[in-house]
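# Results of the structural survey
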Amino acid sequence: MLHYKKFAVVAVLSAVTAIGIFAMRPVDDKPPKRNLKVLPKDISHEDLGKTMDAWKTALGVKCNFCHAPSADTSNHHLDFASDAKMEKLVARKMFKMTARINKKFFGENKDSTGAMVPTISCVTCHRGSPHPEGAR
């Protein structure tokens, strides 16, 4: 009988402690801030990731080439919404430039579903280098 009472007390205290811990845990459900100027505002997280991966590969860089570190120094994350780095602003201009070139000269280049397939992209000039030869 004594063992049953001890077990019951330990179980109740453990349950109360667990409930208290989960009740105090901060909620991580807020979506990350976005600052989309040239990409569609409704782009899915998956498609945004694919686009960023393609750009990173084309320039041979990592995310921190265009994205500034978070102002919160307690973590080492990037602030993807920040426009603090000039490289991000240049990337937007380059994206607009290639879109204009593709529309003007390659407007009929579409896939089997009718979606536009860009002929000119970052890799056309960059070829894995953040600064294409002759662009300096």
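Our subject in this report is the structure included herewith. (Residues numbered from 1 in each chain as written. Predicted model: local features only at pLDDT ≥ 70, side-chain atom pairs only at ≥ 80, totals over all residues. Heavy atoms only, no water.)

Now for the environment of A71. The topology assignment puts A71 in the loop between β1 (68-69) and β2 (78-79). Accessibility expressed as a relative area gives 74% for A71, which makes it exposed. For A71 and S82, which are 11 residues apart along the polypeptide, the C-alpha to C-alpha distance reads 9.6 Å. (Helix = DSSP H or I, 4+ residues; strand = E, 2+ residues; numbered from the N terminus. Buried < 20%, exposed > 50% of the residue type's maximum accessible area, 1.4 Å probe, protein only.)

On to the environment of F105, then. Here F105 shows up in helix α3 (residues 86-106). A relative accessible area of 57% means that F105 is categorised as exposed. Residues F105 and F65, 40 residues apart in the sequence, show an inter-C-alpha distance of 30 Å.

With that settled, the discussion passes to α3. Taking 1.5 Å as the rise per residue, α3 with 21 residues should run 30 Å; its terminal C-alpha atoms sit 29 Å apart, in good agreement. K88, R92, T98 and N102 are the residues of α3 that are buried. Angularly, the buried residues of α3 cover 130 degrees about the axis, an arc narrow enough to put them on a single face. Away from its buried face by more than 90 degrees, α3 exposes M86, K93, R100, K104 and F105. (Expected span 1.5 Å × (residues − 1). Arc of directions from axis to C-beta.)

Evaluated as defined, the whole model comprises one aromatic pair. Arranged with centres 5.5 Å apart and planes meeting at 55 degrees, the rings of W55 and F95 form a pair that is tilted. Linking W55 in helix α2 (residues 45-59) with F95 in helix α3, this pair joins segments that are 40 residues apart in sequence. For W55, a relative accessible area of 21% puts it in the partly exposed group. (Phe/Tyr/Trp six-rings, centres within 6.5 Å; stacked < 30°, edge-to-face > 60°.)

When the charged atoms of two side chains lie near each other, side chains of opposite charge can form a pair. Per the stated rule, a full pass over the model turns up four salt bridges. A salt bridge links R92 to D83; the shortest N-O distance between them is 3.1 Å. Its relative accessible area of 12% is what places R92 among the buried residues. Note on D83: relative accessible area 31%, which makes it partly exposed. (Salt bridge = Lys/Arg side-chain N within 4 Å of Asp/Glu carboxyl O.)

So, about unusual backbone geometry. One non-glycine residue with positive phi stands out, namely R127, at about 45 degrees. Of note, R127 is situated in the segment after α4 (122-126).

All right, on to α2 then. Residue pairs three or four apart in sequence face the same way in an α-helix, which turns once every 3.6 residues. Counted at 1.5 Å a residue, the expected span for α2 with its 15 residues is 21 Å, and the 21 Å between its end C-alpha atoms agrees. All of the buried residues in α2 are L48, A58 and L59. Seen along its axis, α2 keeps its buried residues to an arc of 95 degrees; they face one direction. Within α2, the exposed residues directed more than 90 degrees away from the buried face are H45, E46 and T57. On its buried face, α2 is in contact with α4. After α2 finishes, the residue G60 shows a positive phi value of roughly 65 degrees. (Contact = heavy atoms within 4.5 Å.)

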